[in-house]
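The primary structure of each chain is shown beneath.
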Amino acid sequence: MGAVNATLRKMTNTNREHEIRIEHDVNVHFEDKKRSIHFFWFMWGIYAVVSMTKNCFSAAIADIVEEGFMSKSQTELITAMFYVVYTPLQVLGGICSDKFSPERLIKIGLVGGSLANAVIFFFNTFSTDIAVIYPAMMVSWIFNAIVQFAIWASIFKVVSSQCVRSDRPKMIFLISFSPSMGFFLSYALGAILPDWRMNFSISAVSLLALAVILHFWDRHVNKYMKWDKEVPTVNIPGEKKSSVSTLKLFLESGFILLLVCIFLRDSVTASVRRIASSLLREEFSLDPSLGNLMSVLIVSVSMLGIFVAKEMLLHNVLKNHLVGIVIGLGATTLVAVLFIFAPNIATNVICMCLIAGITTATGLFSNTISSAFVKYGRNATAAGLANAAVSLGFIAPLIAVMIQENTESWVAVKIAIAIAAAASVIIALLVLPLYNRFKKKEAE
């Protein structure tokens, strides 16, 4: 056995004698702290811009409806179809990011996303036939979902595997702000741009520019990358390797049920974020630009929620992460009930800020639970499944606007949000005994 392992290591080392190219090689990392930090912040910026471009329709919905170009449900259907395609592809994206260069997969997503946004901009600028424009927008946005299938998984791999080891825990925490910043940028641009079509032109140019910068930056950092150390296979006498299946592991720990809770939670978060502008415009005659600014405020509070959750974990305020989820979602349900009876702009905005902030904070708790499966070698699988559940929640705003258009009442939408929040609490409570039993078994 020793001779076989030595032969395999020799073959691997022979294969590694070529010069490292991070757009080709996978198992490489930085040892230069300064360049690692610079590369991390570039990746952080890439995902913030990618997240901004994914929310183009959400940020423009109030202007599109005001213009009479499309209805709310038509616009939300395009966004929903993006996530219908994008969600299952997250699993494939994670597998590919482990086998192929994450930088190359990121570049493919950036170039493809730029093309999708450019097509939508040009169709809406040079054509007025909705019978042509709408299918073109739908196909382009579905294409956008396909080409971006591996961007998040690839960026996560860069942050968790290629950056300097000592900085990785802090970087994983910081990267969690990137999607919220993208959402913030999308609504900030939507508030200041005179024409919603410019959202897509700016997105197209930004994504293409990032792809070009990444191409040349990759060439620059090639010389600073090192091969990951080979970990030889060692057989320890008397130690039996765990053969627990992934399904059994996730069932016994309650993680499968937790995915349902995550889906419901992020359905609430996505709905509140995306309906804010339309709700305020239709209920209180608020200007669409001001409505977008209120959405920016809601996203800003969401980011503050992540800081609060981090401080709670840092100071051991909540030692059981699932209890933190239960408490957070319970508070969300209470605020959602108050949201139903909110009488004016101020109370509506406050309720939406609190709902978005609390639910986003619980996201850090669920991410921490996903990372706990590292000892079983299932942490990436858990993270991929959780991200799929989150992405599926982004379809909820379509249901919200369909409820509003059929009932002609935003109160009905608020009631649906409160029901989803309450259901997430019930599911979390069902997970709690399974999770506690699993943790106790681990401790023993």
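So, how was this worked out
- Residues numbered from 1 in each chain as written.
- Predicted model: local features only at pLDDT ≥ 70, side-chain atom pairs only at ≥ 80, totals over all residues.
- Heavy atoms only, no water.
- pLDDT = per-residue confidence, 0-100.
- Helix = DSSP H or I, 4+ residues; strand = E, 2+ residues; numbered from the N terminus.
- Contact = heavy atoms within 4.5 Å.
- Core = buried A, V, L, I, M, F, W, Y, C linked by side-chain atoms within 4.5 Å.
- Buried < 20%, exposed > 50% of the residue type's maximum accessible area, 1.4 Å probe, protein only.
- Phe/Tyr/Trp six-rings, centres within 6.5 Å; stacked < 30°, edge-to-face > 60°.
- Lys NZ or Arg CZ within 6 Å of the ring centre and 35° of its normal.

1. What about the confidence of the model for the protein?
Consideration 1: This prediction gives the protein a mean pLDDT of 82; 90% of its residues lie at or above 70.
Consideration 2: Across the protein, the element-wise mean pLDDT spans from 45 in helix H1 (residues 2–15) up to 94 in helix H14 (residues 321–340).
Consideration 3: Low pLDDT (under 50) marks residues 1–14, which in the prediction has 4 contacts with non-local residues, meaning those over four places away or in another chain.
Consideration 4: Scored below 50 in pLDDT, residues 231–242 makes 3 contacts in the model with residues more than four places away or belonging to other chains.

2. Let's talk about the nonpolar core
Consideration 1: Judged by nonpolar contacts, the single largest core of 92 residues is most densely connected at Ile-46, Leu-110, Ile-155, Leu-258 and Ile-325.
Consideration 2: Top contributing element to this core by residue count: helix H2 (residues 33–54), with 11 residues.
Consideration 3: By size, the runner-up hydrophobic cluster in this structure holds 26 residues, among which are Ile-275, Ile-298, Cys-353 and Val-413.

3. Focus on the packing of aromatic side chains
Consideration 1: Evaluated as defined, the whole model comprises 16 aromatic pairs.
Consideration 2: Relative to Trp-152, the ring of Tyr-47 lies with its centre 5.0 Å away and its plane at 45 degrees, an arrangement referred to as tilted. With Tyr-47 in helix H2 and Trp-152 in helix H7 (residues 151–162), this pair connects stretches of sequence that are 105 residues apart. We note that Tyr-47, like Trp-152, is buried.
Consideration 3: Ring-pair connections join several aromatic residues into one group, and the members of that group are Phe-82, Tyr-83, Tyr-86, Trp-141, Trp-196, Phe-200 and Phe-394.
Consideration 4: Sitting above the plane of the Phe-339 ring, Lys-414 keeps its charged end 4.6 Å from the centroid.

4. As for the environment of Tyr-83
Consideration 1: Position of Tyr-83 relative to the elements: it lies in helix H4 (residues 72–99).
Consideration 2: Looking at Tyr-83, the relative accessible area reads 5%, which means it is buried.
Consideration 3: Residues Tyr-83 and Gly-393, spaced 310 residues apart in sequence, show a C-alpha to C-alpha distance of 8.6 Å.
Consideration 4: With near-sequence residues (within four places) excluded, Tyr-83 lies in contact with Lys-54, Pro-88, Ser-391, Phe-394 and Ile-395.

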